Amino acid sequence: MPRFSRLFNPPARDILPSEITPESLYLNRRQLMTAGAGLAAASLLPSAFAAGDLVTKPSRYNVGNEEKNTFEQITHYNNYYEFGTDKDDPARNAGTLKTRPWNVVVEGACEKPKTFDIDSLLRLAPLEERLYRLRCVEAWSMVVPWVGFPLSELLKQVVPTSKAKYVEFTSLADKKQMPGVTMPVLDWPYTEGLRIDEAMNPLAILAVGLYGKVLPNQNGAPIRLIVPWKYGFKSAKSIVKIRLLENQPATAWNKAAPQEYGFYSNVNPEVDHPRWSQASERRIGEFLRRKTLMFNGYANEVAGLYKGMDLRKFY
Ligand code: MTE
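Residues numbered from 1 in each chain as written. Predicted model: local features only at pLDDT ≥ 70, side-chain atom pairs only at ≥ 80, totals over all residues. Heavy atoms only, no water.

Observations regarding the overall build of the protein
Step number 1: A count of helices and strands for the protein gives eight helices and 13 strands.
Step number 2: Classification of the 315 residues of the protein by burial places 55% in the buried group.
Step number 3: Taking as baseline every contact in the protein between residues at least 6 positions apart, the subset at least 24 positions apart corresponds to 74%.
Step number 4: Carbon and sulfur atoms make up 54% of the accessible area of the protein, which amounts to about 13,800 Å² in all. (Helix = DSSP H or I, 4+ residues; strand = E, 2+ residues; numbered from the N terminus. Buried < 20%, exposed > 50% of the residue type's maximum accessible area, 1.4 Å probe, protein only. Contact = heavy atoms within 4.5 Å. Areas by Shrake-Rupley, 256 points an atom, 1.4 Å probe, with all protein chains shown as cover.)

In structure tokens form, the structure reads like this:
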């Protein structure tokens, strides 16, 4: 078993709300203003709308009556190994990440490959606030009000060809800005992948904010993937490249520990991780464990994508 496969662990003990310390968010004011300035009519908004607030429309894709996690919880209990492997490392270290200028290259099996400037991505489609469950493979979960737009909107822009069967996502890996990239924890850069029909599903979004604000660095600024029916590690942060591919791409966690982290990694309470159960989860901030839901509660929307597939084999 690769030495680093032990890094992903279920929490040894439950985290209490009081252990999550509010800290500054490392969002530099200039970045906020740039992002804010790109938004339609931002200057006409009431003054209570500080720079960095995002204009969103409500979404029909929201979890029911579950309570949101707090901004502090969502921004101080993170996995972002480029900034360290402890849950509080990203909040402490991600201030060095420069999110402007920022480009996302979209290439591969498509008719119109294009490099998108981040500010043009903020205007590509109406931004929606979506309250989604985030279920980490380590058996903890949160409910997060992401701000983003459907991934399909970006993919449509480059016109995928019939050869585009998969989509690969690559995160930034810059030793100068990311202290964790000097450690051989994963085979950097962090990469992830989806099948094209998964990527086109309306639930898959590119998030650029949370709680109505520009995404904090520790949550994957300036743009990250969110695939709410899959374990959180599929949702690559700080994306710099998206490639349309004919063949299934290698992914960082699958390369690190193939028996533990499959390509699909759909949330499935019936298929345990080799080292722990996936039947229940700990919602950050709650005392009692919850039952994990099939496809993280999104079965109505996504079960059809996997019809006829053995989900034990394709874990
Ligand atoms: N993306 C990159 N580039 N590096 C990472 O370490 N961690 C993943 C995912 N995306 C990770 C990443 C994991 S394991 C999870 S659970 C989620 O990000 C956590 O997202 P959050 O910190 O916003 O809750």
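From this point, things continue past the structure.
Examining the site of the ligand
Step number 1: Surrounding the ligand, one finds 18 residues, the nearest of these being Asn78, Tyr81, Glu82, Ser235 and Lys237.
Step number 2: Between the ligand and the protein, one listed contact pairs a nitrogen atom with a backbone N or O atom of serine 235 at 2.9 Å.
Step number 3: In the model, an oxygen atom of the ligand is placed 2.6 Å from a nitrogen or oxygen of the lysine 237 side chain.
Step number 4: In the complex, 99% of the free accessible area of the ligand, which totals 530 Å², lies under the protein chains.
Step number 5: When grouped by side-chain class, the residues that make up the shell around the ligand number nine nonpolar, six polar and three charged. (Near = heavy atom within 4 Å. Polar contact = N/O pair within 3.5 Å; in protein donor to acceptor, adjacent residues only side chain to side chain. Nonpolar A, V, L, I, M, F, W, Y, C, P; charged D, E, K, R; others polar.)

Brief notes about the nonpolar core
In a soluble, globular protein the nonpolar side chains are often hidden away together inside.
Step number 1: Within the largest apolar cluster, 89 residues are counted, with the highest numbers of intra-cluster contacts made by Ile223 and Trp229.
Step number 2: Beyond its immediate chain neighbours, meaning those up to four positions away, isoleucine 223 contacts Trp102, Val104, Ile118, Leu121, Phe149, Leu206, Ala207, Val208, Leu215, Lys237, Ser238 and Ile239. (Core = buried A, V, L, I, M, F, W, Y, C linked by side-chain atoms within 4.5 Å.)

Here we look at the environment of leucine 172
Step number 1: By the secondary structure assignment, leucine 172 is in the loop between strand S6 (166-171) and strand S7 (191-195).
Step number 2: Since its relative accessible area comes to 16%, leucine 172 is described here as buried.
Step number 3: It is 8.9 Å that separates the C-alpha atoms of leucine 172 and tryptophan 188, two residues lying 16 residues apart in sequence.
Step number 4: When residues no more than four places from it in sequence are discounted, the contact partners of leucine 172 are Glu82, Leu97, Trp102, Gln177, Met178, Ser238 and Val240.

Observations regarding the pairing of strand S8 (residues 205-210)
Step number 1: Of all the six residues making up S8, six are buried; the element is thus mostly covered by neighbouring parts of the structure.
Step number 2: Across five bridges, the pairing between strand S5 (residues 140-150) and S8 is antiparallel. Bridging from a neighbouring strand, phenylalanine 149 pairs with leucine 206 of S8.
Step number 3: Relative to strand S10 (residues 224-226), S8 runs antiparallel, the two sharing three bridges. Paired with leucine 206 across the bridge in S10 is leucine 225.
Step number 4: Pairing analysis gives two bridges linking S8 to strand S9 (residues 213-214), with the strands arranged antiparallel. Of the residues in S9, the one forming a bridge with glycine 209 is valine 214. (Pairing = 2+ DSSP bridges.)

Focus on the sheet that holds strand S2 (residues 103-108)
Step number 1: Taken in spatial order, the five strands line up as S3-S2-S11-S6-S7 in an open sheet, and their pairing is mixed. Two strands in the sheet have a free side with no partner beyond their single neighbour: strand S3 (114-117) and S7. Strand-to-strand twist in this sheet, taken as the mean axis angle between neighbours without regard to direction, amounts to 15°. (Axes fitted to C-alpha atoms, helices over the stretch in contact; angles between N-to-C directions.)

Structural notes on the pattern of salt bridges
Step number 1: Going through the model one piece at a time under the given rule, you end up with 19 salt bridges.
Step number 2: For arginine 195, the salt bridge goes to aspartate 197, with nearest N and O atoms at 2.8 Å.
Step number 3: Looking at aspartate 197, the relative accessible area reads 32%, which means it is partly exposed.
Step number 4: Several salt bridges converge on common partners, so that one network encompasses Glu66, Arg133, Arg135, Glu281, Arg283, Glu286 and Arg290. (Salt bridge = Lys/Arg side-chain N within 4 Å of Asp/Glu carboxyl O.)

Thoughts on the packing of aromatic side chains
Step number 1: Applying the stated criterion across every chain, the model contains 16 aromatic pairs.
Step number 2: Seen in terms of ring centroids, phenylalanine 8 and tyrosine 261 are 5.4 Å apart; in terms of plane orientation they differ by 65°. Their pairing is edge-to-face. Placement of the pair is phenylalanine 8 in the segment before helix H1 (29-37) and tyrosine 261 in the loop between helix H7 (252-256) and strand S12 (280-283), with a sequence separation of 253 residues. Comparing phenylalanine 8 with tyrosine 261, the two get one shared label, buried.
Step number 3: Summarising the aromatic geometry, the rings of phenylalanine 233 and tyrosine 261 are spaced 5.4 Å apart at their centres and angled 75° between planes, so their arrangement reads as edge-to-face. Of the two residues, phenylalanine 233 sits in the loop between S10 and strand S11 (239-245) while tyrosine 261 sits in the loop between H7 and S12, which places them 28 residues apart along the sequence. Note on accessibility: phenylalanine 233 and tyrosine 261 belong to one class, buried.
Step number 4: Three or more aromatic residues link up through ring pairs in this structure, and these residues are Tyr166, Phe263, Tyr264, Phe295, Tyr306 and Phe314.
Step number 5: Cation over ring: arginine 133 sits above tyrosine 298, and NZ or CZ is 5.7 Å from the ring centre.
Step number 6: Taking the ring centre of phenylalanine 263 as reference, the NZ or CZ of lysine 234 above it sits at 4.4 Å. (Phe/Tyr/Trp six-rings, centres within 6.5 Å; stacked < 30°, edge-to-face > 60°. Lys NZ or Arg CZ within 6 Å of the ring centre and 35° of its normal.)

Scope: geometric values only; no functional claims are made or implied.
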